Structures are given as C-alpha cells and as structure tokens.
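Each chain, written out:
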Amino acid sequence: MPKLNPAQKLMRFTGHLRYIFGPASSSPLDHEMTPENKELLLRQQAASEAFVTVTRPDGSTYLIPRDTNDQSLR
C-alpha cells in the first residue's frame, strides 16, 4: 500500500465513519418557518433592540440599555 499523506488519511478515516454511521443528514434551507420559530425570532429581535452598542476610543464595544432609567445592568 502506498504511503498516504495526512489529507488522504483523514478522508479514508471519515469514509470509514460514513460507512458505519451513514451519511450526515441535511435539511433544506428554503422551508417555511414554524410558528414557534417565528415567535422566537420576534422575541430575540425585540431583546436586541432594547440595547445600543457603544464603542470606546480604543475600539472595544459594550452594550447599554436604550432606556436611560433602566439600572439593571449598571
């Protein structure tokens, strides 16, 4: 058997794994969102709009609440 390079060894190893476990499953990306996913997306968007990103002069960033009366993170 000829000497295999590392990439060929990896491909051979993953081929053996696919033989044992089967191919990886994939789902189409163009399917309709479920109502639960739509609700979760809306909640996450609302949560992200509650904060504003502030950039310091050194380039680092941090979040502060948009509501100036909110003292929960200060």
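The numbers attached to residues start from 1 for each chain and follow its sequence in the written order. The model is predicted, so local features are restricted to residues of pLDDT at least 70 and side-chain atom pairs to those at 80 or more, both for listing and for counting; the totals for chains, interfaces and linings are taken over all residues. Remark: hydrogens and water are excluded; side-chain values derive from all non-hydrogen atoms of the structure.

**Focus: the overall build of the chain**
Rules: Every helix listed is a DSSP run of H or I at least four residues long, and every strand listed is a run of E at least two residues long, numbered separately from the N terminus. Each residue's exposure class comes from its accessible area (1.4 Å probe, protein chains only) as a fraction of the maximum for that residue type: buried when under 20%, exposed when over 50%, partly exposed otherwise. Areas reported here follow the Shrake-Rupley algorithm with a probe of radius 1.4 Å; residue values treat only the protein chains shown as occluding.
Assigned secondary structure in the chain consists of 2 helices and 2 strands. Starting at the N terminus and walking to the C terminus, you meet the elements of the chain as α-α-β-β. Out of the 74 residues belonging to the chain, those deemed buried represent 1%. Put simply, the chain shows about 7,200 Å² of open surface, and 60% of that area lies on carbon and sulfur atoms.

**With respect to the pairing of strand β1 (residues 51-55)**
Worth spelling out the cut-off: Pairing between strands is defined by DSSP: at least two bridges between them are needed.
Relative to strand β2 (residues 61-65), β1 is paired through 5 bridges, and the arrangement is antiparallel. Within β2, the residue paired with F51 across the bridge is P65. Hairpin connection from β1 to β2: 5 residues lie between these consecutive antiparallel strands, with G59 at a positive phi of about 100°.

**Considering helix α1 (residues 6-21)**
Cut-off, in case you're wondering: Residue count minus one, scaled by 1.5 Å, sets the expected span of a helix. Here a polar contact is recorded for every N or O atom pair within 3.5 Å, except that within protein the pair must consist of a potential hydrogen donor and a potential acceptor, and residues adjacent in sequence are included only if both atoms are side-chain atoms.
End to end, α1 covers 22 Å across 16 residues, agreeing with the expected 22 Å (1.5 Å per residue, within 8%). Between the side-chain oxygen at the start of α1 and the backbone nitrogen of A7 there is a gap of 3.1 Å, and the oxygen is on N5. Positive backbone phi, approximately 90°, marks G22, located one or two places after α1.

**Brief notes about a nonpolar patch on the surface**
Here is the rule we go by: A patch is a set of surface residues, each over 30% in relative accessible area and not in a salt bridge, joined within 9 Å for like charges and within 5 Å for the nonpolar side chains Val, Leu, Ile, Met, Phe, Trp and Tyr. Salt bridges are defined as contacts in which a side-chain nitrogen from Lys or Arg sits within 4 Å of a carboxyl oxygen from Asp or Glu.
The grouping of L10, F13, L17, Y19, I20 and F21 at the surface amounts to a nonpolar patch, some 760 Å² of accessible area in total. For F21, the location among the structural elements is in helix α1. Assessed through its relative accessible area of 68%, F21 is described here as exposed.

**Description of the confidence of the model for the chain**
How we decide: Per residue, pLDDT captures the predictor's confidence, and it can take any value from 0 to 100.
When the pLDDT values of the chain are averaged, the result is 82; 86% of them are 70 or greater. Considering each helix and strand of the chain separately, the mean pLDDT is smallest for α1, with a value of 84, and largest for helix α2 (residues 35-48), with 91.

**Looking at the pattern of salt bridges**
Going through the model one piece at a time under the given rule, you end up with 1 salt bridge. With a shortest N-O distance of 4.0 Å, E39 and R43 are connected by a salt bridge. Linking E39 with R43, this pair stays in helix α2, spanning 4 residues, or about one helical turn. Relative accessible area serves as the criterion here: at 47%, E39 is assigned to the partly exposed category. By relative accessible area, R43 is classed as exposed at 53%.

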